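The chain contents come next:
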Amino acid sequence: MRYVSMGRVPPKRHTQFRENGTLLVEEVMGYEGFSGNESILYHLTSPCDVAQVGEFTPIEHEEWVPDAHVHRLTNTPPLPPGGDPVFGRHVLMWNADVELGIAKPTEETDAFYRNGEGDEVLFVHEGEGVLETIFGTLPFRAHDYVVIPRGTTYRVRLGAGPHTWLTLSTPGEIETPNRYRNRYGQLLEHAPFSQRDFHPPAALEPHRERAEFELIVRARGGHQRFALDHHPLDVVGWDGYVYPYTFNIHDFEPKSGRLHQPPPAHQTFQGPNFVICSFCPRQLDWDPLAVPLPYHHSNLQSEEVIYYVDGQFGSRRAVDVGSLTLHPSGLPHGPQPGLVDKALGATRTEELAVMCDTFRPLRLTTLARDLDDPSYALSWHTPAEAAVT
Ligand SMILES: [Fe+2]
């Protein structure tokens, strides 16, 4: 990320900084102790100040252990909308590195939220709105990745809907891939995006209200509630490299080649033991003998989750927009029968999809069971009488 400064900050860090004579409270928010990226924020009130301690509620995933190990289609469109932008997130798959879910929020909540144990990504499939955060207001729109660093206090104001989000949370860091950055952190010329494509909050307005506010902090596998008697978004200025931002998937510059480009060409973010890739509309492979679809592959150490956003995904048949497929480790996968023949000679694809490949197995929730389409596992089957001999 690039350096950003918003609002008022003193010329020297760790010096007296006042508003109307009152000393402001300086907070350093950083990763890896004091060795990673950080931002410095100046609050009207101590961010430690809580008026009352509420209840702690553990987060429990109801696990589904399927009887069979197969490719899966999670048919999310029938999932009814509902809930708020935090508690309306439904986890479908998870492991120690990442949680993946779907949200279709319809309600706003006045409570503020802070994920104290994970970075979050909301891929906004449908809808628009604003994140009100301690770093300022961050507008988002359809097809944005909204990346929210842990420790960011925020709430969501929903704009025009409907709202459908693919949601991720990781105990690690969400970053641009190392190979796209030079040794100073600047994105390289061959990266599929530049710093200009990443949008920090648009405006910072410190809130001075003294009233009761609720703060919900995710930590230690649960939600801790607090009551505050001041507005938590009380920052008059901040600067640094840690802040929430948006990146619109249409600002990803897709790569094509003479022959098929594998998923790492589409990588957008990295996390610990997982990657996030964007499959965007693009020209297809131009060799006259090119096969413009993925070859069958066994990702021996990966579980592949694809969320279908728009268009017709070239290598999948009968998968609705808004659904997810899971191709787990141990099983090869590739285009379904007939699709390669159909694709030969194609010069362009309009597919739009988000992929999350995890390097460790994913566990499934009972919601994934409820939305599971068992026929998907057999969708590669060619009956013997129809097979080419
Ligand atoms: Fe794949």
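Residues numbered from 1 in each chain as written. Predicted model: local features only at pLDDT ≥ 70, side-chain atom pairs only at ≥ 80, totals over all residues. Heavy atoms only, no water.

(A) Quick look at the pattern of salt bridges. Enumeration according to the criterion identifies 18 salt bridges in this entry. Linking Glu19 and Arg208 is a salt bridge whose minimum nitrogen-to-oxygen distance equals 2.6 Å. Placement of the pair is Glu19 in strand 2 (residues 18-19) and Arg208 in the loop between strand 17 (164-170) and strand 18 (213-219), with a sequence separation of 189 residues. Take Arg208: its relative accessible area is 46%, and that puts it in the partly exposed class. Between Asp372 and Arg72 there is a salt bridge, and its shortest N-O distance comes to 3.0 Å. Of this pair, Asp372 sits in the segment after helix 2 (366-370) while Arg72 sits in strand 8 (residues 72-74), and the two are 300 residues apart along the sequence. Residue Arg72 is classed as buried on the basis of its relative accessible area, which comes to 9%. (Salt bridge = Lys/Arg side-chain N within 4 Å of Asp/Glu carboxyl O. Helix = DSSP H or I, 4+ residues; strand = E, 2+ residues; numbered from the N terminus. Buried < 20%, exposed > 50% of the residue type's maximum accessible area, 1.4 Å probe, protein only.)

(B) Representation of the pairing of strand 18. Within strand 18, 5 of the 7 residues are buried, which leaves it mostly tucked inside the rest of the structure. In this sheet, strand 18 lies alongside strand 11 (residues 112-115) in parallel orientation, the contact comprising 4 bridges. Bridging from a neighbouring strand, Phe112 pairs with Leu215 of strand 18. Of the strand pairs in this sheet, strand 18 and strand 19 (residues 222-228) are connected by 7 bridges, and their pairing is antiparallel. Note that in strand 19 the partner of Leu215 across the bridge is Phe226. Where strand 18 hands over to strand 19, the hairpin turn is made up of 2 residues, of which Arg220 adopts a positive phi near 50°. (Pairing = 2+ DSSP bridges.)

(C) A look at the state of the cysteines. Overall, the coordinates contain 0 disulfides when judged by the stated rule. This cysteine, Cys277, is not joined by any disulfide, and Cys356 carries the nearest cysteine sulfur, 8.6 Å off. The class for Cys356 is buried, based on a relative accessible area of 4%. (Disulfide = S-S within 2.5 Å.)

(D) Examining unusual backbone geometry more closely. That bond from Gly161 to Pro162 is cis: its omega, 0°, falls within 30 degrees of zero. The topology assignment puts Pro162 in the loop between strand 16 (153-158) and strand 17. At Glu32, a position not held by glycine, the phi torsion is positive, near 50°. Secondary-structure assignment places Glu32 in the loop between strand 4 (25-30) and strand 5 (38-43). Phi angles above zero are rare outside glycine, and Asn273 is one such case at about 65°. Counting through the fold element by element, Asn273 comes out in the loop between strand 22 (267-271) and strand 23 (274-279).

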